[in-house]
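Observations on the three-dimensional arrangement
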Amino acid sequence: MTYNQTLAESDQQTLTYAAECYKPWSPVHISGERDGSSNLTISWTRRARINFEWADGSDVPLGEESEAYEMDILDGSDVVRTISSASPTCTYTAAQQTADFGAPQLSVDVVVYQISALVGRGSGGGGSV
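Described below are features of the structure shown in this document. As the structure is a prediction and not an experimental result, all values here were calculated from the model. (Residues numbered from 1 in each chain as written. Predicted model: local features only at pLDDT ≥ 70, side-chain atom pairs only at ≥ 80, totals over all residues. Heavy atoms only, no water.)

Overview of helix α1 (residues 94–101)
Where we set the bar: The classification of residues rests on relative accessible area computed with a 1.4 Å probe and restricted to protein chains. Under 20% of the type maximum is buried, over 50% is exposed, and intermediate values are partly exposed. In this text, helices come from DSSP runs of H or I with a minimum length of four residues, and strands from runs of E with a minimum of two, each type numbered from the N-terminal end. Starting at the helix axis, one direction is taken to each C-beta atom, and the arc is that of these directions. Only heavy atoms matter for contacts: two residues are in contact if any of them lie within 4.5 Å across the pair.
Taken residue by residue, α1 has A94, Q97 and D100 as its buried positions. The buried residues of α1 occupy an angular sector of 125° when projected down its axis, which confines them to one face. The exposed set on the far side of α1, more than 90 degrees from its buried face, consists of A95 and A99. On its buried face, α1 sits against β1 (28–34), β2 (40–45), β4 (78–85) and β5 (89–92). Two residues or fewer past α1, G102 is found with a positive phi of approximately 95°.

What follows is the structure in structure tokens.
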């Protein structure tokens, strides 16, 4: 504790800056829809730290240099696949599901991240789809 101490009397403290204030917020409303071939199309809604009001009922303006996302497919707590996307949707094919799990799955756990050019992955939004 450095209360009532001079700089010379206090211990040095190490700080690791994590740039939390620059990380994109987690995507929300994550949902999935299967086609007749067991391909799973997953979609979400982005959020933003600036211009964050949905005044017109559509997506908020993009607060990053470009729109980019990564979605982790989980088997328990293990990441079995990461899919990149330049829009708020991606497809997890039946072939990919078979490669990852041995067969197409009835549901999968996912975590979706918006990517910032400045700090990388933002906070993850997850769910079962």
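Next comes the rest of the description.
So, a nonpolar patch on the surface
Using the following cut-off: Note that patches include only residues with greater than 30% relative accessible area and no salt bridge, and the join distances are 9 Å for like charges and 5 Å for nonpolar side chains (Val, Leu, Ile, Met, Phe, Trp, Tyr). We get accessible surface area from the Shrake-Rupley algorithm with a probe of 1.4 Å; when it comes to residues, only the shown protein chains can shield them. Whenever a carboxyl oxygen of Asp or Glu lies within 4 Å of a side-chain nitrogen of Lys or Arg, that contact is scored as a salt bridge.
A surface patch of nonpolar side chains, amounting to about 400 Å² of accessible area, comprises Y17, Y22 and L118. Tracing the backbone through its elements, the reader meets Y17 in the segment before β1. Judged by its relative accessible area of 59%, Y17 is exposed.

Details of the pattern of salt bridges
In this structure the tally under the stated criterion is four salt bridges. A salt bridge links E67 to R46; the nearest nitrogen and oxygen atoms lie 2.8 Å apart. Taken as a pair, E67 in the loop between β2 and β3 (69–75) and R46 in the loop between β2 and β3 lie far apart in primary sequence, 21 residues in all. Classification of E67 by relative accessible area gives partly exposed; the value is 23%. The salt bridge involving D72 is made with R121; its shortest N-O contact spans 2.8 Å. Residue D72 is located in strand β3, and its partner R121 is located in strand β7 (residues 120–128); the two are separated by 49 residues in the primary sequence. Salt bridges linked by common partners bring E70, D72 and R121 together as one network.

A word on the environment of L118
Turning to its location among the elements, L118 is positioned in the loop between β6 (109–116) and β7. Residue classification places L118 among the exposed residues on the basis of a relative accessible area of 63%.

Some thoughts on unusual backbone geometry
Here the phi dihedral of H29 falls at roughly 55°; this positive angle occurs in a residue that is not glycine. Note on H29: relative accessible area 58%, which makes it exposed. In this structure, S38 takes a positive phi of about 70° despite not being glycine. Tracing the backbone through its elements, the reader meets S38 in the loop between β1 and β2. By relative accessible area, S38 is classed as partly exposed at 27%.

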